[in-house]
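Architecture at a glance
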Amino acid sequence: MADQKDANGRKTGVLEDLKEKSREFGEIVKTKTQEQLEELKKPQETQLYRSIFRIKHDEDPRNRALSTLNNLFFHIHPAKVNRDATRYGYTWGLGGITFYLFIVLVFTGVMLMFYYHPTKVQAFRDILYLENDVPFGRLLRNMHRWAAHLMVMAVWLHMFRVFMSGSYKRPREFNWCVGVLLMVLTLLLSFTGYLLPDDQLGFWAVTVGTNMARATPLLGHQGPFGPQLGMTPYNDVRFALLGGSIVDANALLRAYIWHCIAIPLIASVFMGVHFWRVRKDGGISGPSPVMLEAETKA
Amino acid sequence: MFGDWHQLWVIISTPDNIPIVAMLGLVPFFTWYAFHNMLANDRLIAQLEADPQLARTHHRTTYPYNSRWERELHTNPFLMRKELLAAIIITIILMVWALTLNAPLEEPANASVTMNPAKAPWYFLGLQEMLEYFDPWIAGVIVPTLIIVGLMAIPFIDANPLGNGYYTYHQRRHAVWTFLIGFEGLWLVLVCIGTFIRGPGFMWYWPTQTWDPDRVEFNVNRNLDQIFGINGNWLVHILPASLRPEAVIIARALFGIIPMVVYGIAAALFIHWICMRTEYSRTVYRKMSILQTVTMYIFLITMLFVPVTIFLRLVFRIKYIWETPWFSI
Ligand code: HEM
């Protein structure tokens, strides 16, 4: 490497060269860092954010709307809603609360499944284990239990408000029917879960409950016209529910599968239909302008 | 043994009974709130009906209104923040509840040790209470089916076009009362009886009466035909010889048809009377198709049958109104 001279004729060596370069490099890093720290104040403008949310975040109505429409979870909502429909006073928020409780139940339920075996030997012990040894296990179980009760309460009150606001009327008749089925599914979910701790409470509740199935007309061995159709305790509808003639290991397994897999799946499908129909029926029914008797077609 | 407040407290504070205790407050609150909204709208309706000029220009809700305001709001944030707030409040309630009260766990399941009382979860106690008044195939199968089908039939029976999407009492009095009677007067009241009144042996205990697992109740219930002394004596003379040994049973089965028909006609007349009471309800009633009318009558007559039966049982100790070899009601 030949010696170089600077403008003043001084010799510059490798060391000076390096110094100069690193100073320049330092400048660049500094300005870039400053720039990028500045950008962090607007996370919505980062490539990462845009890759996830797919929208520019400009403060204009179009982007506001897109923030709802372009999001898988939010797009069950319309971009805009009737100004008064957002009031708690009209819907009481109860449909949404029911749905939220369902999500809470799925979440806590899956966590409980990590600790639970649906067998006569282990089920009850697993609950004891959850209550006494699993970190936050008792809280988990309590939350699942009380959220289930809350969901039953919320679903009844939701039905009450839908009725009282006349929201089942045309064009929402079908969605009301979907709702009724959802209520039945909610009750069945709660009831099938009742047996799972395999304690006296669940055992006798399910015994009382399924004993009624004996008396099903045609399909139960004690029901009207059941025996005439060849129903016995070993082939009637109660046997099908319990997987046996008494509440035992098979009943526990059946309750478990209904509770953790089948009914949640069915209910999710119906909820999908329910929400979709709310949108297709023109959004929330009101608060609509009041009509007068004189304005109805007699 | 009345005045046992501890007993009452034990029932109320049972963890699995908390929901129905909470409903005792929530349902009256929401009923009041619904009526609060209804009456506000009804006042507006009355005002608009009295003043057609105003009716033409009014925005027709009871909420604040300004013609310059946008009719619609952006979902984000105006709706979403409310949903978020609701979720947070529910989470807090749930957390507090889960931290303060433990989910119940009894002894391990044991088929040889009967729980006394053996009760269904609170939301099914209405059905279990029905078991006291009806045979299991009615209480456990027919009634739930009718409730589900009946609920689903509501939108198709209700021919009243008013009150669609706003709270109103005066424009849909019959619908409101039907639902209040069905949901609160029957379903929730039966749940409450099952929860608070029924004790060991599913027997009737007044609030603050001590539960006694050894209590025995002598069953003094009688069938309606026994009260009327139906014994088939005169039937023996008309029946063919082969059926004569069955005379009592046949006489009872035939007799039972009478009160059922009488009840059916009385209930139908009552419903008809209600439907014809105001000019507007007459208009709606006339608009209904035959299928709608028949369905409505069947469901209302059946629904009203429940309180009638409960009344006959609790007050007159009547077991069956109509007893036949195949089914009894
Ligand atoms: C798992 C149970 C249910 C869930 C998660 C659910 C959820 C919802 C949600 C989120 C809405 C939007 C409006 C609101 O929040 O009120 C709604 C509306 C509605 N629900 Fe449900 N619901 C359930 C059960 C029911 C039941 C039991 C009924 C009636 C028997 C019902 C009938 C309706 C009707 C007719 C609407 C439209 C109301 C309107 O447009 O104002 N739903 N539901």
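So, here is what we can say about the structure in this document. (Residues numbered from 1 in each chain as written. Chains lettered and ligands numbered in written order. Predicted model: local features only at pLDDT ≥ 70, side-chain atom pairs only at ≥ 80, totals over all residues. Heavy atoms only, no water.)

1. What to know about the overall build of chain B
Check the secondary structure of chain B and you find twelve helices and one strand. The C-alpha radius of gyration of chain B comes to 26 Å, more than 25% above the 20 Å expected for a compact globule of 329 residues. Projected onto its principal axes, the C-alpha positions of chain B cover 90 × 55 × 35 Å. Put simply, chain B has 329 residues, and 45% of those count as buried. For chain B, the share of sequence-separated contacts (at least 6 apart) that also reach a separation of at least 24 residues comes to 67%. When the accessible surface of chain B is totalled, it reaches about 17700 Å², and 69% of it is carbon and sulfur. (Helix = DSSP H or I, 4+ residues; strand = E, 2+ residues; numbered from the N terminus. Rg over C-alpha atoms; globule rule 2.2 N^0.38 Å. Buried < 20%, exposed > 50% of the residue type's maximum accessible area, 1.4 Å probe, protein only. Contact = heavy atoms within 4.5 Å. Areas by Shrake-Rupley, 256 points an atom, 1.4 Å probe, with all protein chains shown as cover.)

2. Some details on the site of the ligand
All names here are of chain A. In the vicinity of the ligand, 26 residues are found, and the nearest of them are His158, Arg161, Gly179, His274 and Ser285. One of the side-chain N or O atoms of Ser167 is found 3.3 Å from an oxygen atom in the ligand. The separation between an oxygen atom of the ligand and a polar side-chain atom of Ser285 is 2.6 Å. Every element with two or more residues in the shell around the ligand is listed here: α5 (94-113), α7 (137-164), α8 (173-195) and α11 (249-280). (Near = heavy atom within 4 Å. Polar contact = N/O pair within 3.5 Å; in protein donor to acceptor, adjacent residues only side chain to side chain.)

3. Observations regarding the coordination of the iron atom of the ligand
All names here are of chain A. Protein coordination at the iron atom of the ligand: the donors are His158 (NE2) and His274 (NE2), at 2.0 to 2.1 Å from the metal. The coordination sphere of the iron atom of the ligand comprises six donor atoms, whose angles at the metal cover 85 to 179°; the geometry is octahedral. Within this pair, whereas His158 is found in helix α7, its partner His274 is found in helix α11, the two being separated by 116 residues in sequence. Just as His158 is buried, His274 falls in that class too. (Donors = N, O, S within 2.8 Å, 3.2 Å for Na, K, Ca; no water. Tetrahedral: all angles 85-135°; square planar, octahedral: opposite > 155°, others 65-115°.)

4. Focus: helix α1 (residues 5-13) of chain B
Side chains three or four residues apart in an α-helix point the same way, a direct result of the helix having 3.6 residues per turn. Residues and elements named next belong to chain B. Of all the residues in α1, the buried ones are Gln7, Leu8 and Ile11. Angular distribution of buried residues about the axis of α1 spans 100°; they occupy a single face of the element. Exposed residues on α1 whose side chains face more than 90 degrees from its buried face are Trp5, His6 and Trp9. Against the buried residues of α1 lie α7 (173-197). (Arc of directions from axis to C-beta.)

5. Overview of the interface of chain A and chain B
Tallying the contact residues gives 94 residues for chain A and 107 residues for chain B. Between chain A and chain B, a total of about 9500 Å² is buried, with carbon and sulfur atoms accounting for 71% of that surface. Our count for the chain A to chain B interface comes out at four salt bridges. The interface formed by chain A and chain B contains 49 residue pairs in polar contact (both at pLDDT 80 or more). (Buried area = accessible area lost by both parts, 1.4 Å probe. Salt bridge = Lys/Arg side-chain N within 4 Å of Asp/Glu carboxyl O.)

6. Digging into the environment of A:Val247
Residues and elements named next belong to chain A. Within the secondary structure, Val247 is located in the loop between α10 (237-242) and α11. Counting along the chain gives 41 residues from Val247 to Val206, while the straight-line C-alpha distance between them is 7.7 Å. Leaving out residues up to four positions away in the same chain, Val247 has contacts with Leu195, Phe203, Val206, Thr207, Thr210 and Leu242.

7. Notes on the packing of aromatic side chains
All chains considered together, the criterion is met by 35 aromatic pairs over all chains. Aromatic side chains B:Phe228 and B:Phe255 sit 5.4 Å apart centroid to centroid with 45° between the ring planes, which places their arrangement in the tilted category. With B:Phe228 in the loop between α8 (224-227) and α9 (235-238) and B:Phe255 in helix α10 (residues 247-275), this residue pair connects regions lying 27 residues apart in the sequence. By relative accessible area, which is 55% here, B:Phe228 ends up exposed. For B:Phe255, a relative accessible area of 14% corresponds to the buried category. One Lys or Arg, B:Lys82, reaches over the ring of A:Tyr88 and ends 5.1 Å from the middle of that ring. Seen from the ring of B:Trp273, B:Arg277 lies directly overhead, with NZ or CZ sitting 5.1 Å from the centre. (Phe/Tyr/Trp six-rings, centres within 6.5 Å; stacked < 30°, edge-to-face > 60°. Lys NZ or Arg CZ within 6 Å of the ring centre and 35° of its normal.)

8. Here's the deal with the pattern of salt bridges
What the rule picks out here adds up to 16 salt bridges over all chains. Among the salt bridges present, the one from A:Glu38 reaches A:Lys41, with a minimum N-O distance of 3.6 Å. The class of A:Lys41 is exposed, set by a relative accessible area of 62%. We note a salt bridge from B:Asp225 to B:Arg252, for which the minimum N-O separation is 3.4 Å. Of the two residues, B:Asp225 is situated in helix α8 and B:Arg252 in helix α10; the sequence distance between them amounts to 27 residues. Shared partners join several salt bridges into a network, and the residues in it are B:Glu129, B:Glu132 and B:Arg198.

9. A word on unusual backbone geometry
In this model, A:Arg170 is joined to A:Pro171 through a cis peptide bond whose omega is 5°. Residue placement: A:Pro171 occurs in the loop between α7 and α8. Along the chain, B:Asn76 connects to B:Pro77 via a cis peptide bond; the corresponding omega equals 10°. With respect to the helices, strands and loops of the structure, B:Pro77 is situated in helix α4 (residues 75-100).

10. Thoughts on the packing of α8(A) against helix α6 (residues 136-157) of chain B
Following both chains from N to C, one finds α8(A) and α6(B) inclined at 165°, their axes separated by 8 Å at the closest point. Between α8(A) and α6(B), the angle is such that the two are roughly antiparallel. The crossing of α8(A) and α6(B) is right-handed. Here A:Glu173, A:Trp176, A:Cys177, A:Val180, A:Leu181, A:Met183 and A:Val184 of α8(A) come into contact with α6(B), specifically with B:Ile148, B:Leu151, B:Met152, B:Ile154, B:Pro155 and B:Phe156. By residue class, the composition of the contact of α8(A) with α6(B) is twelve nonpolar, no polar and one charged. (Axes fitted to C-alpha atoms, helices over the stretch in contact; angles between N-to-C directions. Parallel < 35°, antiparallel > 145°, perpendicular 65-115°, else oblique. Left-handed = near helix turned anticlockwise from the far one by under 90°. Nonpolar A, V, L, I, M, F, W, Y, C, P; charged D, E, K, R; others polar.)

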